[in-house]
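A closer look at the structure
The primary structure of each chain is shown beneath.
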Amino acid sequence: MSTPARAESVAHLERLITALTAKGHVSEDELALQQASTDKASPEVGARMVARAWLNPEWRAMMLRSGTEAVEALGISMAGAPPLGVLEDTAKRHHLIVCTLCSCYPRAVLGYPPYWYKSFSYRSRVVREPRAVMAEWGSELPDDIELRVVDSTADYRWMVLPRRPAGTEGWSEDQLAALVTRDVLVGVALPKLPA
Ligand code: FE
């Protein structure tokens, strides 16, 4: 965006904020809280939640009950965001997330969606041939594991709680969190130990 266009956008935004605060639709404090949460939004939040769930059964139970509550327990406001659900992978079932309609994505825990998540190709192929999509990401899912594709919507967002990889016994929360990438949280990839 050119500088004059950017300056104009900023000026528009400032007028909008002034009008909304003047009419009492939003307060300065709410805006500051929202900004702080936006600044913190990244896949590292989701990775932290997962690593903690692998180590702490109480945290895991709380997170499965309400992803929103778990995010807020990390000090990130979910005010105004749709509820967040967490889908737990098991030895028999893997979850993969898509928004077939548009690009609904839990930004608080995953940051901004990657370009492919919004693409028509991903949104259609992941429903028709999810195993092939995963294989392209380098993760082969055994045939005896059921693959459930779940739609994130405007009303409800999802993230995946993957299975803890074997060989990580005794690892710290930070070490475990480093295994949990954005793609793992969407379910297109499985957590992998460094080679
Ligand atoms: Fe959407």
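Here's a quick rundown of the structure. (Residues numbered from 1 in each chain as written. Predicted model: local features only at pLDDT ≥ 70, side-chain atom pairs only at ≥ 80, totals over all residues. Heavy atoms only, no water.)

Looking now at the overall build of the protein chain. Scanning the protein chain from terminus to terminus reveals 11 helices and four strands. Taking the principal axes of the C-alpha coordinates as reference, the protein chain spans close to 60 × 40 × 30 Å. Burial analysis of the protein chain (195 residues in total) assigns 41% to the buried set. Once local pairs closer than 6 in sequence are excluded, the contacts in the protein chain between residues at least 24 apart make up 67%. Across the protein chain, 22 positive and 24 negative side-chain charges occur, with their mean positions spaced 3 Å apart. (Helix = DSSP H or I, 4+ residues; strand = E, 2+ residues; numbered from the N terminus. Buried < 20%, exposed > 50% of the residue type's maximum accessible area, 1.4 Å probe, protein only. Contact = heavy atoms within 4.5 Å. Lys, Arg positive; Asp, Glu negative; His and termini not counted. Charge placed at Lys NZ, Arg CZ, Asp CG, Glu CD.)

Now for the side chain of Ser 124. Secondary-structure assignment places Ser 124 in helix α8 (residues 120-128). On the accessibility criterion, Ser 124 (16% relative accessible area) is buried.

Right, let's get into helix α1 (residues 3-22). The periodicity of an α-helix, 3.6 residues per turn, causes residues three or four positions apart to be oriented the same way. Spanning 20 residues, α1 covers 28 Å between terminal C-alpha atoms, matching the ideal 28 Å at 1.5 Å per step. Gly 24, located one to two residues past α1, shows a positive phi value of around 80°. (Expected span 1.5 Å × (residues − 1).)

Taking burial as the measure, the five residues of strand β4 (residues 157-161) include four buried ones, the bulk of the element. Bridge count between strand β1 (residues 84-88) and β4: five bridges; the pairing is parallel. By the bridge assignment for β4, Val 86 is matched with Met 159. (Pairing = 2+ DSSP bridges.)

In the structure shown here, the tally under the stated rule is seven aromatic pairs. For the pair Trp 116 and Tyr 122, a centre-to-centre distance of 5.0 Å together with 70° between the ring planes defines the contact as edge-to-face. Taken individually, Trp 116 and Tyr 122 each receive the classification buried, so the pair is uniform in this respect. Ring centres of Tyr 156 and Trp 158 lie 4.8 Å apart, and the angle between their planes is 40°; on these two criteria the pair is classed as tilted. Exposure remark for Trp 158: the relative accessible area of 21% places this residue in the partly exposed category. Joined through ring pairs, the aromatic side chains of Tyr 105, Trp 116, Tyr 117, Tyr 122 and Trp 137 make up one cluster. Sitting over the ring of Trp 59, Arg 52 keeps its end group 5.1 Å from the ring centre. (Phe/Tyr/Trp six-rings, centres within 6.5 Å; stacked < 30°, edge-to-face > 60°. Lys NZ or Arg CZ within 6 Å of the ring centre and 35° of its normal.)

Okay, the coordination of the iron ion next. Protein ligation of the iron ion involves Cys 99 (SG), Cys 102 (SG), Ser 103 (N), Cys 104 (N) and Cys 104 (SG), the donor distances falling in the range 2.1 to 2.8 Å. If you list the donors of the iron ion from N- to C-terminus, the spacing comes out as C-x2-C-S-C. Judged by its relative accessible area of 36%, Cys 102 is partly exposed. Under the relative-accessibility criterion, Ser 103 is labelled partly exposed at 23%. (Donors = N, O, S within 2.8 Å, 3.2 Å for Na, K, Ca; no water.)

Glancing now at the nonpolar core. By size, the foremost hydrophobic cluster in this structure holds 47 residues, and its most contacted members are Met 49, Met 63, Tyr 122, Met 159 and Val 186. Tallying contributions element by element places helix α3 (residues 43-55) first for this core, with seven residues. (Core = buried A, V, L, I, M, F, W, Y, C linked by side-chain atoms within 4.5 Å.)

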